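A closer look at the structure
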Amino acid sequence: MKIAILIGSIRQGRQSHKIAHHLQQALQQRGLTIDLVDLAGVQLPLLEERVGKHPQLPHTAQELSNRLHAADAIILVTPEYHGSFSGVLKNALDYFYAEFNKKVVGTVGVSAGKFGGINAASQLQQVILSLGAFPLPTKLLVPEVYGAFNEGHELTNEHTTRSAQKFIDDFYWLASAVQEKKQLQPLAV
Ligand SMILES: Cc1cc2nc3c(=O)[nH]c(=O)nc-3n(C[C@H](O)[C@H](O)[C@H](O)COP(=O)(O)O)c2cc1C
């Protein structure tokens, strides 16, 4: 299985990429192939029109479309900004629809405060439904992110480490189940 992990934070001094790298390593250890999509490096313009409808689609959007199509399941990592997910992530998601069709999508919320981006992650699950995808019921929340990792960017907070393990277990289980179903009964193109 191939998993795309989107980092939805491009802020200077950002913290959200740390949990994305942790998940990347943990999923690789399970033998999965990971495509780490860092929106800081993608440079998507503000949306003018969607993939398939834009007469001159920006090449960065086409490349990201190809990467998402290639993924069997997706993880969205978002910081909590003013009680929601990041604008940069929403701008990216709005380009796409078919890329998410019937895929399992996990949400990861990151915050400086104690609530771990629960608003961001929960609201993102609603968006995933509108993309025709299956939001993983288990959310991974990373509270007090500035103290959760050491200088080597290793996750050191025990509670978040256990939460990440459960998130990975549940994500792998559901993504595998959907994948097996698609192998038995391929989706109509
Ligand atoms: C515009 C903005 C709004 C923010 N709003 C919240 C918030 O509503 N709740 C919260 O716990 N943290 C908030 N934060 C702090 C972020 O959660 C913090 O930056 C955290 O490290 C995750 O985001 P990062 O990837 O940008 O570092 C906000 C940060 C920014 C830049």
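Residues numbered from 1 in each chain as written. Predicted model: local features only at pLDDT ≥ 70, side-chain atom pairs only at ≥ 80, totals over all residues. Heavy atoms only, no water.

Focus: the overall build of the chain
Looking only at helices and strands, the chain features six helices and six strands. The order of α-helices and β-strands along the chain, N terminus first, is β-α-β-α-α-β-α-β-α-β-β-α. For the chain, the spread of C-alpha atoms along the three principal axes comes to 45 × 40 × 25 Å. Out of the 189 residues in the chain, the part that is buried amounts to 47%. Taking the contacts inside the chain whose residues are at least 6 apart along the sequence as the reference set, 77% of them involve residues at least 24 apart. When the accessible surface of the chain is summed, it comes to about 9700 Å², and 52% of that surface belongs to carbon and sulfur atoms. (Helix = DSSP H or I, 4+ residues; strand = E, 2+ residues; numbered from the N terminus. Buried < 20%, exposed > 50% of the residue type's maximum accessible area, 1.4 Å probe, protein only. Contact = heavy atoms within 4.5 Å. Areas by Shrake-Rupley, 256 points an atom, 1.4 Å probe, with all protein chains shown as cover.)

Points about the site of the ligand
The ligand sits among 16 residues. The nearest are Arg11, Gln15, Ser16, Tyr81 and His82. Within the side chain of Ser9, an N or O atom sits 2.8 Å from an oxygen atom of the ligand. A distance of 3.2 Å is found between an oxygen atom of the ligand and a backbone nitrogen or oxygen belonging to Glu80. A total of 600 Å² of accessible area belongs to the ligand in isolation, and the protein chains cover 73% of it. Each residue belonging to the shell around the ligand can be placed in one class, and the counts come to six nonpolar, seven polar and three charged. (Near = heavy atom within 4 Å. Polar contact = N/O pair within 3.5 Å; in protein donor to acceptor, adjacent residues only side chain to side chain. Nonpolar A, V, L, I, M, F, W, Y, C, P; charged D, E, K, R; others polar.)

Notes on the environment of Phe96
Tracing the chain through its elements places Phe96 in the loop between helix H4 (87–93) and strand S4 (104–110). Note on Phe96: relative accessible area 4%, which makes it buried. On a C-alpha basis, the gap between Phe96 and Arg50 in space is 6.3 Å, while along the polypeptide they are 46 residues apart.

Some words on the nonpolar core
The biggest cluster of nonpolar side chains holds 29 residues, and the ones touching the most others in it are Ile3, Ile5, Ile19, Leu23, Leu27, Ile75 and Val108. Looking at this core, the elements with two or more residues in it are strand S1 (2–7), helix H1 (17–29), strand S3 (73–79), S4, strand S6 (140–142) and helix H6 (158–184). (Core = buried A, V, L, I, M, F, W, Y, C linked by side-chain atoms within 4.5 Å.)

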